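Summary of structural features
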Amino acid sequence: MKTRLREKDKYIFQLIVEEYILTGRPVGSATIARKSKTPVSSATIRNIMAKLEKSGYLRKPHSSAGRIPTDRGLRLYVNQLYDQVLPSQEFFDLPPETFVIDQGDFNKLLQNVSQLLSSYSDNIGFVISPSLSRVLFKHLRFIRISEKKFMLILVTTFNLILTEIIESSVDMTQYELDRAARYIEEKFAGKNLIYVHNYLQKEFPRFQTRFEDVLQKLSMLLRVYTLHEEESKKIYLEGTSKLISKVNLFDLERLQSLFQKFEERAKLAQLLSDLINLDRVRVLIGTEIDVPDIADCSLILSHYGSEEQILGSLGIIGPKRIPYRQVIPLVEYVARRLSQAFRLSH
């Protein structure tokens, strides 16, 4: 049977967690009695601690009287924070130039944002770049660079210009590429390239005579590109060195394995992309991530884009003792500012 926690229990529990996050040491009743803003005896605190331990929110790391929160306990703490008033945007003094797309340099913007997340959280900041095949477009152009090598230029529905180099076993002349681009713009403006590819796969026989083999080549080109794109997602990652100074917060073998994942950036980007959802901020703690190498970490994630679609994700990776009260609103605010940067980019 689930134990119902009183407001006093929740208050004492919050004090315990925040003291543990601050010091990293097991927290005893005497410490909480001193921290409490309302008078409460050590005996009452010990009873509440015992209740919280029985409920799975606290545990004793050794024979001392102090307790530390479990992953389940940290989850309860974070859920309580969601219900509280978190710092407003005025809390953050962020450099405004961070969110400027300077001369269309989209990649520089994402790198700046990952650096900002790392700097302000003192942990790892990351931003995952949009997948061009999933971005809604209103204009596009293919330019033939050389045999079987093309440039895709795509103008999004919010007027951001994105480019990508495509290498394929399929060769197309510039005339064929221009013809394909005109067809896509006329028929699929407001959609994305995934939609275009799926449509062509399904409806190709209807257009075979009219377009000869142009659409078949285009379908093959898009298929090669989308498969390659999934395997090579771009992630901007800053602050890995910050974890080295916190080595005492991690299992050493897991930390080494985690750094190996940082080297395999495409796999890490895919992993983090799979975790994102429509919540304004999502927090995953330790074993909730279901990836053994990251079981000593917490992830604080959000997404950026427009009301019509999510473009990518961003967030912070740090130890489970990360200051959630500060980093949750930081991630939410940065995601909102980055989304605004895209909308105002034109």
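To be clear, the structure that these remarks concern was listed above.
Throughout what follows, the structure given in this document is the object of discussion. (Residues numbered from 1 in each chain as written. Predicted model: local features only at pLDDT ≥ 70, side-chain atom pairs only at ≥ 80, totals over all residues. Heavy atoms only, no water.)

**Quick word on the sheet that holds strand β4 (residues 137–146)**
Here is the rule: Strands were regarded as paired on the criterion that DSSP finds at least two bridges between them. Here a helix means four or more residues in a row that DSSP labels H or I, a strand means two or more in a row labelled E, and each is numbered from the N terminus. Comment: axis = line fitted to C-alpha atoms, over the contacting stretch for helices; angle = value between 0 and 180 degrees taken between N-to-C directions. Pairs of residues are marked as contacts when any of their non-hydrogen atoms sit within 4.5 Å.
With antiparallel pairing, the three strands of this open sheet are ordered in space as β4-β5-β6. At either margin of the open sheet sits one strand with a lone partner, and together these are β4 and β6 (161–167). Taking the axes of each pair of neighbouring strands and ignoring which way they run, one obtains an average angle of 20 degrees across the sheet. By the bridge criterion, seven bridges tie strand β5 (residues 149–156) to β6 in an arrangement that is antiparallel. Opposite Leu152, over in β6, you have Glu164 as the bridge partner. Here helix α6 (residues 174–188) sits on the sheet and contacts β4 and β5; the angle it forms with β4, its principal contact strand, is near 170 degrees.

**Structural notes on the packing of helix α5 (residues 106–121) against helix α12 (residues 324–343)**
Going by this rule: Orientation labels follow simple angle bins: below 35 degrees gives roughly parallel, above 145 gives roughly antiparallel, 65 to 115 gives roughly perpendicular, and whatever is left gives oblique. Left-handed describes a crossing in which the near helix is turned anticlockwise from the far one by less than a right angle; the clockwise case is right-handed. Residue classes follow a fixed rule: Ala, Val, Leu, Ile, Met, Phe, Trp, Tyr, Cys and Pro count as nonpolar, while Asp, Glu, Lys and Arg count as charged, and any other residue, Gly among them, counts as polar.
Between α5 and α12, the least distance of the axes is 11 Å, while the angle of their chain directions is 165 degrees. The orientation of α5 relative to α12 falls into the category roughly antiparallel. In this structure, α5 meets α12 at a crossing whose hand is right-handed. For the pair α5 and α12, contact is made by Phe106, Leu109, Leu110, Val113, Leu116, Leu117, Tyr120 and Ser121 and by Val327, Leu330, Val331, Val334, Leu338 and Phe342, respectively. Among the residues making up the contact of α5 with α12, the classes are represented as 13 nonpolar, one polar and no charged.

**Observations regarding the pairing of β5**
Side-chain positions along a regular strand alternate between the two faces of the sheet. Note that β4 and β5 share eight bridges and pair antiparallel. When the bridges of β5 are listed, Arg144 appears paired with Phe150. Hairpin remark: β4 followed by β5, antiparallel, with two residues in the connecting loop; positive phi at Lys148, about 65 degrees.

**With respect to the sheet that holds strand β8 (residues 282–285)**
The five strands lie next to each other as β7-β3-β10-β9-β8, forming an open sheet whose pairing is antiparallel. Of all the strands in the sheet, just β7 (235–238) and β8 have a single pairing partner and so form its edges. Strand-to-strand twist across the sheet, computed as the mean angle between neighbouring axes with direction ignored, equals 15 degrees. Here strand β9 (residues 297–305) runs beside strand β10 (residues 310–319); their pairing, made up of nine bridges, is antiparallel. Counted as the bridge partner of Ser298 is Gly318 from β10. Sheet contacts for α12: β3 (124–128), β8, β9 and β10; angle to β9, the most-contacted strand, approximately 20 degrees.

**Topic: the nonpolar core**
What tends to happen in soluble globular proteins is that the nonpolar side chains get buried as a cluster. Here is the rule we go by: Here, nonpolar core refers to any group of buried Ala, Val, Leu, Ile, Met, Phe, Trp, Tyr and Cys residues whose side-chain atoms link them within 4.5 Å. We call a residue buried when its accessible area falls under 20% of the maximum for its residue type, exposed when it is over 50%, and partly exposed in between, using a 1.4 Å probe and counting protein chains only.
By size, the foremost hydrophobic cluster in this structure holds 83 residues, and its most contacted members are Phe142, Tyr324 and Phe342. Looking at this core, the element that brings in the most residues is α12, giving 11 residues. Grouped together as the second largest cluster of nonpolar side chains are 19 residues, Ile128, Leu237, Leu268 and Leu272 included.

**Some thoughts on the pattern of salt bridges**
Rule in force here: For this document, the term salt bridge refers to a Lys or Arg side-chain nitrogen within 4 Å of an Asp or Glu carboxyl oxygen.
Here the structure, examined in full by the defined rule, presents 12 salt bridges. Between Glu18 and Arg325 there is a salt bridge, and its shortest N-O distance comes to 2.8 Å. With Glu18 in helix α1 (residues 7–23) and Arg325 in helix α12, the pair connects residues that are 307 residues apart, well separated along the chain. Three or more residues joined by partner-sharing salt bridges are found here, namely Arg6, Asp9 and Lys51.

**Comments concerning the side chain of Ser29**
By the element assignment, Ser29 lies in helix α2 (residues 29–35). For Ser29, a relative accessible area of 11% puts it in the buried group. Setting aside its immediate chain neighbours within four residues, Ser29 contacts Ser42, Ile45, Arg46 and Met49.

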